[in-house]
Each structure stands twice: as structure tokens, then as C-alpha cells.
Amino acid sequence: MPGRPGRPGRPDPLPKALLVVTAATGIVDAVAYLGLGQVFTAFMTGNILFLGFSLAGAQGLSPIGSGTALTAFGVGAVAGSRLGAATSERRRRWLLTSAALAATLLVAAALTAIGLRPVGRHPEPRHYAVTALIALAMGLRSATMWRLGAVLNTTLITGTLVTLIRWSSLGGGTGDSAQRYRVGGLLAVLVGAVAGALLLRVSMTVALLLAAAGVFVGIGGYVALPASRS
């Protein structure tokens, strides 16, 4: 039957689902950087750098914001790793549970952000609360992606770019079937960042609700397919 796991010629639909989730990454970090005070909630390399800059006295950066994002992301990653260890033998339940928890945290962040304006000179406590909730969600999701070992990691964009170049003819590679998904992943983050920046002009809450929908619909749609059993 069509879509049956292991059927020859049927590509794994997971990378396509992950493109939707990757776009959500662009949305949440657009909200975080532009609306919550120059922090990242999914791409932790930036936060480590910002924390170092702020500790050195750089103007306009908050060590509290970067520290909050890093700490919450770490807690989320621990939770995601433990969830994976406990439930990964039931793959569909594991993925759906992880997506549902991440989406719930993003919805909680959206509700916390109702009426909240992008940060000015001094962040409010609610800005930090929204940062923590988003970073928790992204940490949980990132741990899930690492354990899943999919061809596209929804938060490791630098690694995706390097792998794309390594497998390209320019980088001396021979190419592989996953190249189009790597290109798609980079474009998905870009599109998500544009969408997040535009939606932030309307409402931080709307942007975060769209990101929550992307996380849950992307993974939930995949889990609903028969191929997800394999």
C-alpha cells in the first residue's frame, strides 16, 4: 500500500516535516532577538558570545537575558533527553509527546506575552519569563532532534551549512539525496526569521502561537503517517 514503511522508492517524509519545524525556529529567534532584548532561544552559540560580550562591559547587552536563555535551554535539553531515553522505543509516542510539550511551552510563552511590547532600554520581568519559556521549548526540541538523528537538525544551522558545502561539488563531495533538505532547512530558517520579524510588528503573541502551531503540526503530521512507524 502507498506510504507503507520500507516500500522501495518512497522517501522518508520526516525531513519535509522538519522543514516546517525549522521555520518555527526562525520565528522564535526573531521574536527573541528583536523583541526580548538581543538574546537567542534556539541558537545557543550566539547567547554564549553575547554573555561574554556583556560580561566584558559591552553596551546594550544583558547578561541576565543571555544567562536566562542558556539556563532554560539546558533544563529543556535535560528534560528532552530523559524523555527520549524513557520513551524512544515507542517512536511515534516519543515524537508526539516531545512536540506537544514544546508547543505547550510556546503557547504558555505566547499567553505570557499578551500586551507585551518589544524590550526597550530595560527589560521587564515578563520579558525574561517569555525568554525562559521559549528556551525551555527549544532545548527540549533540540535534544529530541539530536536523539532522532535526522538528516536535518532544526537548530544546528551552522552544521547544516557546513554539511551542505562538504557534500557539494564545490567542497569536493559527490552530493547525496539529502542536499535538497539541507538547502530547504537554510531557506526555512530565513523564511521563519522574516515571518517572525513581520509578525512581531503585529503581536509577539501571534508570532509565538504560529511557531507553536508549526512545531506541533509539523511533527504531528509526520506521526500521523504510516511511514513514521519505521
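Higher on the page you've got the structure.
Residues numbered from 1 in each chain as written. Predicted model: local features only at pLDDT ≥ 70, side-chain atom pairs only at ≥ 80, totals over all residues. Heavy atoms only, no water.

## Brief notes about the environment of valine 107
Here valine 107 is to be found in helix α4 (residues 91–112). Expressed as a C-alpha distance, the spacing of valine 107 and alanine 211, which sit 104 residues apart in the sequence, is 8.8 Å. (Helix = DSSP H or I, 4+ residues; strand = E, 2+ residues; numbered from the N terminus.)

## Focus on the nonpolar core
The biggest cluster of nonpolar side chains holds 46 residues, and the ones touching the most others in it are Leu106, Val130, Ile134, Met138, Met204 and Leu208. Mapped by element, the contributors of at least two residues to this core are α1 (14–35), α3 (63–87), α4, α5 (125–148), α7 (179–202) and α8 (204–223). Among residues more than four places away in sequence, those in contact with valine 130 are Leu36, Ala109, Thr112, Ala113, Leu116, Met204 and Leu208. (Core = buried A, V, L, I, M, F, W, Y, C linked by side-chain atoms within 4.5 Å. Buried < 20%, exposed > 50% of the residue type's maximum accessible area, 1.4 Å probe, protein only. Contact = heavy atoms within 4.5 Å.)

## What to know about α5
Since one α-helical turn is 3.6 residues long, residues separated by three or four positions face the same way. Taking 1.5 Å of rise per residue, 24 residues should cover 34 Å, and α5 covers 35 Å from first to last C-alpha, within 8% of that figure. At the C-terminal side of α5, glycine 149 shows a positive phi close to 65°. (Expected span 1.5 Å × (residues − 1).)

## Some points on a nonpolar patch on the surface
A cluster of nonpolar side chains, contributed by Val183, Leu187, Leu190, Val194 and Leu198, occupies part of the molecular surface with about 440 Å² of accessible area. Considering the arrangement of structural elements, one finds valine 183 in helix α7. (Patch = residues over 30% accessible without salt bridge, like charges linked within 9 Å, V, L, I, M, F, W, Y side chains within 5 Å. Areas by Shrake-Rupley, 256 points an atom, 1.4 Å probe, with all protein chains shown as cover. Salt bridge = Lys/Arg side-chain N within 4 Å of Asp/Glu carboxyl O.)

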